[in-house]
Amino acid sequence: AQKITQTQPGMFVQEKEAVTLDCTYDTSDPSYGLFWYKQPSSGEMIFLIYQGSYDQQNATEGRYSLNFQKARKSANLVISASQLGDSAMYFCAMREGRTGNQFYFGTGTSLTVIP
Amino acid sequence: ETGVTQTPRHLVMGMTNKKSLKCEQHLGHNAMYWYKQSAKKPLELMFVYSLEERVENNSVPSRFSPECPNSSHLFLHLHTLQPEDSALYLCASSQGLDRPYYEQYFGPGTRLTVT
């Protein structure tokens, strides 16, 4: 089974609007971390935000927030006030506590911000 | 130099060539990783090193040979590659492996084309 599922291959958003990128995960490990990365066309993966399985509150980093619904095993990324520079691929990833070696990535969502 | 650097950024090689990819991290991290990124596929973790010891080898063909001489440097030696090995090869580092919240920092990648 897929560890990380991103069901939106491509998304469009108007500049200055908010957008939600979906991510669901599959694990039986009670301790895990969820990450979102941005990959512009230049190729480099840029870390955006982290959510731990034991965190009580949703993570926020500037315009990025993570909508963490543990019971549904979802960790959606919300980008507020979209900017043209937000156009990129976005990857959801998970690291489990018991197998710290492995980082599981989804297939990504391509976001295009329309002026 | 800061963060994670990779050289070369682009590489074209024939199937009979031998080449090496280099990665260097300037973050004082203890773990380093090699990933392969092909179009429309999740990132594939190839190798993981922790304190210069290989801790993960995800069924990677022997034509890929990693080397980690110290915790700051990671190499990927390539020989007799196949056209399907053409991809973006990403190097990453993290503080360690023993905490799920250790995010990975990525280099810009090497775009490899096998002819």
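Residues numbered from 1 in each chain as written. Chains lettered and ligands numbered in written order. Predicted model: local features only at pLDDT ≥ 70, side-chain atom pairs only at ≥ 80, totals over all residues. Heavy atoms only, no water.

**Student:** Before we move on, can you summarise the interface of chain B and chain A with the specific residues and values?
**Tutor:** Of the residues lining the interface, 25 residues belong to chain B; the matching set on chain A comes to 22 residues. Both sides together, the interface formed by chain B and chain A hides about 1,800 Å², and carbon and sulfur atoms give 54% of it. The tally of links between chain B and chain A comes to zero salt bridges. Inspection of the chain B/chain A interface yields four residue pairs in polar contact (both at pLDDT 80 or more). Taken together, the elements giving at least two residues each to the side of chain B that touches chain A come down to strand 4 (31-37), strand 5 (44-50), strand 6 (53-57) and strand 9 (87-94) of chain B. Residue composition of the side of chain B that touches chain A, by class: 15 nonpolar, six polar and four charged. (Contact = heavy atoms within 4.5 Å. Buried area = accessible area lost by both parts, 1.4 Å probe. Salt bridge = Lys/Arg side-chain N within 4 Å of Asp/Glu carboxyl O. Polar contact = N/O pair within 3.5 Å; in protein donor to acceptor, adjacent residues only side chain to side chain. Helix = DSSP H or I, 4+ residues; strand = E, 2+ residues; numbered from the N terminus. Nonpolar A, V, L, I, M, F, W, Y, C, P; charged D, E, K, R; others polar.)

**Student:** Explain the pattern of salt bridges to me, and be specific about the residues and the numbers.
**Tutor:** Under the defined criterion, the tally for this structure stands at four salt bridges over all chains. With a closest N to O distance of 2.8 Å, Glu96(A) and Lys3(A) form a salt bridge. Here the residue Glu96(A) occupies a position in strand 10 (residues 88-96), and Lys3(A) occupies one in the segment before strand 1 (4-5), the gap between them amounting to 93 residues. With relative accessibility at 23%, the residue Lys3(A) sits in the partly exposed group. The salt bridge partner of Asp85(B) is Arg63(B), with a shortest N-O separation of 2.7 Å. One end of the pair, Asp85(B), is in the loop between strand 8 (73-79) and strand 9; the other, Arg63(B), is in the loop between strand 6 and strand 7 (64-70), with 22 residues separating them in the sequence. Of the two residues, Asp85(B) and Arg63(B), neither departs from the other in class, the shared state being buried. (Buried < 20%, exposed > 50% of the residue type's maximum accessible area, 1.4 Å probe, protein only.)

**Student:** Pulling in residues and values, what's your account of the layout of surface pockets?
**Tutor:** Looking at the largest pocket, its volume works out to about 540 Å³. Along the walls of the largest pocket sit 24 residues, with Gln39(A), Met89(A), Gln37(B), Ala39(B) and Arg111(B) positioned nearest its centre. Those elements that provide at least two residues to the lining of the largest pocket are strand 10 of chain A together with strand 9 of chain B. Broken down by class, the residue content of the lining of the largest pocket amounts to eight nonpolar, 12 polar and four charged. For the second largest pocket, the calculated volume is near 200 Å³. Considering the residues around the second largest pocket, the lining is formed by 13 residues, among which Phe103(A), Tyr104(A), Phe105(A), Pro42(B) and Leu43(B) are closest to the centre. Elements represented by at least two residues in the lining of the second largest pocket include exactly strand 11 (103-105) of chain A together with strand 5 of chain B. At three residues, strand 11 of chain A tops the list of elements feeding residues into the lining of the second largest pocket. Within the lining of the second largest pocket, the residues separate by chemical class into seven nonpolar, three polar and three charged. (1 Å grid on protein atoms, 1.4 Å probe; cavity = no way out; pocket = protein on both sides within 12 Å on 5 of 7 lines; lining within 4 Å. Points joined across faces, edges and corners; volume = space filled by probe spheres on them.)

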